[in-house]
Amino acid sequence: MLGWFGISERGAARTLEAEPVGVQSGLLSGTRVATGHGWRPVQALCAGDRVVTFDAGVQPICGVSRHPVWTGESACPSRFWPLEVGRGVLGNRAPLRVMPHQVLMVESDMAETLWGDPFALLPGVALEAAPGVARVMPDPGAEVVMLHFESEQVIFAENGLMALCPASCNLLDYAQERAGPRYDVLPLTEARGLVLAMARMNGLTAAPRDAAPSDPWVRA
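In this report, we go over the structure that sits alongside the text. (Residues numbered from 1 in each chain as written. Predicted model: local features only at pLDDT ≥ 70, side-chain atom pairs only at ≥ 80, totals over all residues. Heavy atoms only, no water.)

**Looking at the pattern of salt bridges**
Considering all chains together, one arrives at five salt bridges under this definition. As a salt-bridge pair, glutamate 128 and arginine 135 come within 3.0 Å of each other at their nearest N and O atoms. Exposure remark for arginine 135: the relative accessible area of 26% places this residue in the partly exposed category. Within the structure, one salt-bridge network assembled from shared partners comprises Glu84, Arg97 and Asp139. (Salt bridge = Lys/Arg side-chain N within 4 Å of Asp/Glu carboxyl O. Buried < 20%, exposed > 50% of the residue type's maximum accessible area, 1.4 Å probe, protein only.)

Listed below in structure tokens is the structure:
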């Protein structure tokens with residue numbers, strides 16, 4: 001399970017001033033999410049709102065975390081920059097921006113060949129291996145939003161994006177099997193290998209098919 005990653009720029013150093021912090025996971029404000037009442041900006045959602053999930057139908061949000069991408073007054077370090085995914089790279093109908101450690105779900109014939117399941121979860125940073133993906137400086141004041149559910153859920157975001165959201169449960173809940181199933185995320189090396197293989201098969205570089213604009217998930 002991956003929640004949002006906050007990293008202090010000065011490590012363990014303690015000062016009287018607040019240390020600048022960067023965030024590497026979550027959905028950027030402005031990203032629209034599929035809810036029980038249609039598409040809504042993620043920053044407008046709150047606990048109790050119901051969101052469409054990949055495996056469990058419509059589920060209520062248990063909590064919402066919000067944090068600036070970068071809290072420092074200096075320029076945001078590049079490791080916190082979001083990834084811009086060009087149109088068609090994931091079958092998306094418009095460019096997308098995702099955080100480097102946000103876990104994404106893709107559908108791929110290659111994943112089915114390798115692991116017997118066409119759906120694979122990978123960290124966003126693995127997409128850097130694909131053409132049409134690059135880090136971009138975040139907008140001033142950019143914020144990420146993390147939605148929490150009773151158990152881990154994959155949700156649908158705009159333009160074909162699917163993202164993993166963490167559970168509000170603790171490790172004891174998992175140990176006692178009260179939190180439901182957990183999703184397995186590919187290690188970064190395997191995830192990059194999958195992305196490269198998909199690119200070689202033109203799965204990540206092909207333009208999205210206009211014949212199927214309503215598909216809510218990624219196909220490659």
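**Considering the environment of proline 138**
By the element assignment, proline 138 lies in the loop between β13 (133–135) and β14 (143–148). Taking relative accessible area as the criterion, proline 138 reaches 12% and is therefore assigned buried. On a C-alpha basis, the gap between proline 138 and tryptophan 70 in space is 8.7 Å, while along the polypeptide they are 68 residues apart. Residue contacts for proline 138: discarding those within four places in its chain leaves Val69, Cys76, Trp81 and Pro82. (Helix = DSSP H or I, 4+ residues; strand = E, 2+ residues; numbered from the N terminus. Contact = heavy atoms within 4.5 Å.)

**As for the environment of arginine 200**
Positionally, arginine 200 belongs in helix α3 (residues 188–200). Separated by 70 residues in the primary sequence, arginine 200 and alanine 130 place their C-alpha atoms 9.3 Å from one another.

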